[in-house]
Amino acid sequence: MPLPPLLAPLLREAFTVHDRLHLLDPAAFELIAPRVRGIAASGESKVGAELMDRLPALEIISVMGVGYDGIDVAAAKARGVVVTHTPDVLNDDVADLALGLMLAASRRLVAADRHVREGLWPAQGPMPLARKLSGARLGILGMGRIGQAIARRALAFDMTVAYHTRTPKPEVPYPHVASAVELARQCDVLCVITPGGAATKHLVNAEVMNALGPQGLLVNVARGSVVDEAALIEALEQGRLGAAALDVFEQEPQVPERLRALPQVTLSPHIGSATTATRQAMAGLAVDNLKAKASGQAVVTAVPEYKRVIQN
Ligand code: NAP
Ligand code: 8YV
């Protein structure tokens, strides 16, 4: 992916930047590789041990995004490379989108727009009735920074909130449920907002979808890998799951044709944090981390795996 437009000028102002040279011109990359001290990555970037091995002077991988499932953090730690990300500054946007997707799917806003725009209203009359969102039971899978922002918004819609995480969160007032399947059984809308990566791969599987049921709505604003996409398509096609609203997919930017064909699915192209204000804040934080490292200071927002390193 090219450098995000809001990040590129900030980076170029402070550093010598080689934009994806390892992919675009491997021979030129080999010449500068020994001098590369930092990597600027996005939440979707893949940085593995093999790339790190080619960069002996590497000190930091700065991710412009809160999710860093594409970065081999263990390999970075083993090489003394710090990994940073951009938590908190995007909570509002991702939570807003989650509620927007819930509303869009429940009230069929995309179809409603088409109904007016394409002249179906005078031709066919009113649309079929939709489902009420206010007062529905919301299950949140993941109750961290963004999960809590989603829960606060849901309360304004008179929704009840319950959640599942591996460890209960005493700081939140919502009931903790012991498993994803049990949470799905207890709710009308299941919203996924865990990290991606191996630990959560296909956490939302056919069993969870069946538990959510033919009237249930699945919302995923986390990572595509958390939901078994093949199982999701089958559950929707067979009516075992009612509807889905998805911002993230297993093979972005490819979205299976069978999923795109389903009218009970609302889709967005990974835009959870995609507002100018938030992307500016994320870019600023990503560059602050690089600058801190370059000037020998403590980075601002290391990923949690480095917490002990920072405290010492
Ligand atoms: P966070 O504060 O670290 O919260 C993550 C939550 O997930 C925690 O409550 C954690 O609790 C739970 N969790 C982790 N592993 C789990 C598992 N195996 N089973 C159940 N729960 C689990 O992270 P955040 O800032 O809220 O961000 C969450 C994720 O949202 C990011 O990692 C990123 O992938 C995604 N995201 C997407 C977009 C977008 O554009 N759509 C934008 C930003 C972020 P426990 O550790 O106790 O289980
Ligand atoms: C962006 C994200 O898509 O923060 C994350 O984890 O998924 C999103 O904010 C991306 O990381 C922007 O670089």
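Scroll up to find the structure.
A quick note: this is a predicted structure, and the numbers were derived from the prediction, not measured.

Participant: Can you help me understand unusual backbone geometry in this one?
Facilitator: When glycine is set aside, most residues are seen to have a negative phi, and most peptide bonds are trans. Between glutamate 252 and proline 253 the backbone carries a cis peptide bond, its omega angle lying at 5°. Among the structural elements, proline 253 can be located in the loop between β8 (243-246) and α13 (257-260). Of note, the phi angle at aspartate 158 is positive, near 55°, even though the residue is not glycine. Of note in the backbone geometry, histidine 202 takes a positive phi value of approximately 55° without being a glycine.

Participant: So what exactly am I meant to see when it comes to the site of ligand 2 here?
Facilitator: Around ligand 2, a shell composed of 13 residues is seen, among which Met64, Val66, Arg223, His270 and Ser273 lie nearest. A distance of 2.7 Å is found between an oxygen atom of ligand 2 and a side-chain nitrogen or oxygen belonging to arginine 223. Within the side chain of serine 273, a nitrogen or oxygen atom sits 2.6 Å from an oxygen atom of ligand 2. Here ligand 2 has 330 Å² of accessible area as a free molecule, and 91% of this is covered by the chains. Of the residues assigned to the shell around ligand 2, the class counts are 4 nonpolar, 6 polar and 3 charged.

Participant: How should the pattern of salt bridges be read in this particular structure?
Facilitator: Side-chain pairing between opposite charges can occur once the charged atoms of the two side chains come close. Scanning all chains against the criterion turns up 13 salt bridges. The shortest N-O distance in the salt bridge between arginine 258 and glutamate 237 comes to 2.8 Å. Separated by 21 residues along the polypeptide, arginine 258 in helix α13 and glutamate 237 in helix α12 (residues 229-237) bring together distant segments of the chain. Given the relative accessible area of 45%, arginine 258 is considered partly exposed. By sharing partners, the salt bridges in this structure join Asp92, Asp96 and Arg153 into a single network.

Participant: Just checking my understanding: could you explain the side chain of threonine 200 for this structure?
Facilitator: Structurally, threonine 200 is set in the loop between β6 (189-192) and α11 (206-212). Judged by its relative accessible area of 10%, threonine 200 falls in the buried class. Apart from residues lying up to four places away in sequence, threonine 200 is in contact with Thr194, Pro195, Ser225 and Val226.

Participant: Any chance you could explain the sheet that holds strand β3 (residues 82-84) here in plain terms?
Facilitator: Here 3 strands make up an open sheet; going across it, the order is β1-β2-β3 and the pairing parallel. Pairing within the sheet leaves two strands with one partner each, and these edge strands are β1 (38-42) and β3. The average undirected angle you get between the axes of adjacent strands in this sheet is 15°. Relative to strand β2 (residues 60-64), β1 runs parallel, the two sharing 5 bridges. The residue bridging serine 42 from the neighbouring strand is methionine 64, located in β2. With respect to the sheet, helix α14 (residues 276-294) is in contact with β1, β2 and β3, its orientation differing from that of β2 by roughly 170°.

Participant: Which parts of the structure should I look at to understand the site of ligand 1?
Facilitator: Taken together, 28 residues form the shell around ligand 1, and within it Arg145, Arg166, Thr167, Lys169 and Asp247 come nearest. The backbone of isoleucine 146 places a nitrogen or oxygen atom 2.9 Å from an oxygen atom of ligand 1. Side-chain polar atom of arginine 223 to an oxygen atom of ligand 1: 3.4 Å apart, as the coordinates give it. For ligand 1, the accessible surface in isolation is 920 Å², of which the surrounding protein chains cover 89%. In the shell around ligand 1, the residues fall into 12 nonpolar, 11 polar and 5 charged.

Participant: Explain the nonpolar core here, please?
Facilitator: The tendency in soluble globular proteins is for nonpolar side chains to be buried side by side. Residues Ile61, Met102, Leu138, Ile150 and Val221 are the most contacted members of the largest nonpolar core, which totals 70 residues. Per-element tally for this core: the top contributor is helix α6 (residues 91-107), with 8 residues. For this core, the two domains that each supply at least three residues are domain 1 (8-89 + 275-294) and domain 2 (91-267). Membership of the second largest hydrophobic core comes to 32 residues, among which are Ala184, Ala211, Val226 and Ala235.

Participant: What should I look at first to understand the packing of α6 against helix α9 (residues 145-156) in this one?
Facilitator: The description of two packed helices rests on the angle between their axes and on the distance between the axes. In contact at an axis separation of 8 Å, α6 and α9 are set at 50° when each is read in the N-to-C sense. Classified by the angle between their axes, α6 and α9 sit oblique to one another. The interaxial crossing formed by α6 with α9 has right-handed handedness. Side by side, α6 and α9 meet where Asn91, Asp92, Val94, Ala95, Asp96, Ala98, Leu99 and Met102 of the first sit next to Arg145, Ile146, Ala149, Ile150, Arg153 and Ala154 of the second. Here the contact of α6 with α9 is built from residues that sort into 9 nonpolar, 1 polar and 4 charged.

Reading the values: the criteria
Residues numbered from 1 in each chain as written. Chains lettered and ligands numbered in written order. Predicted model: local features only at pLDDT ≥ 70, side-chain atom pairs only at ≥ 80, totals over all residues. Heavy atoms only, no water. Helix = DSSP H or I, 4+ residues; strand = E, 2+ residues; numbered from the N terminus. Near = heavy atom within 4 Å. Polar contact = N/O pair within 3.5 Å; in protein donor to acceptor, adjacent residues only side chain to side chain. Areas by Shrake-Rupley, 256 points an atom, 1.4 Å probe, with all protein chains shown as cover. Nonpolar A, V, L, I, M, F, W, Y, C, P; charged D, E, K, R; others polar. Salt bridge = Lys/Arg side-chain N within 4 Å of Asp/Glu carboxyl O. Buried < 20%, exposed > 50% of the residue type's maximum accessible area, 1.4 Å probe, protein only. Contact = heavy atoms within 4.5 Å. Pairing = 2+ DSSP bridges. Axes fitted to C-alpha atoms, helices over the stretch in contact; angles between N-to-C directions. Core = buried A, V, L, I, M, F, W, Y, C linked by side-chain atoms within 4.5 Å. Domains from an automatic or database assignment. Parallel < 35°, antiparallel > 145°, perpendicular 65-115°, else oblique. Left-handed = near helix turned anticlockwise from the far one by under 90°.

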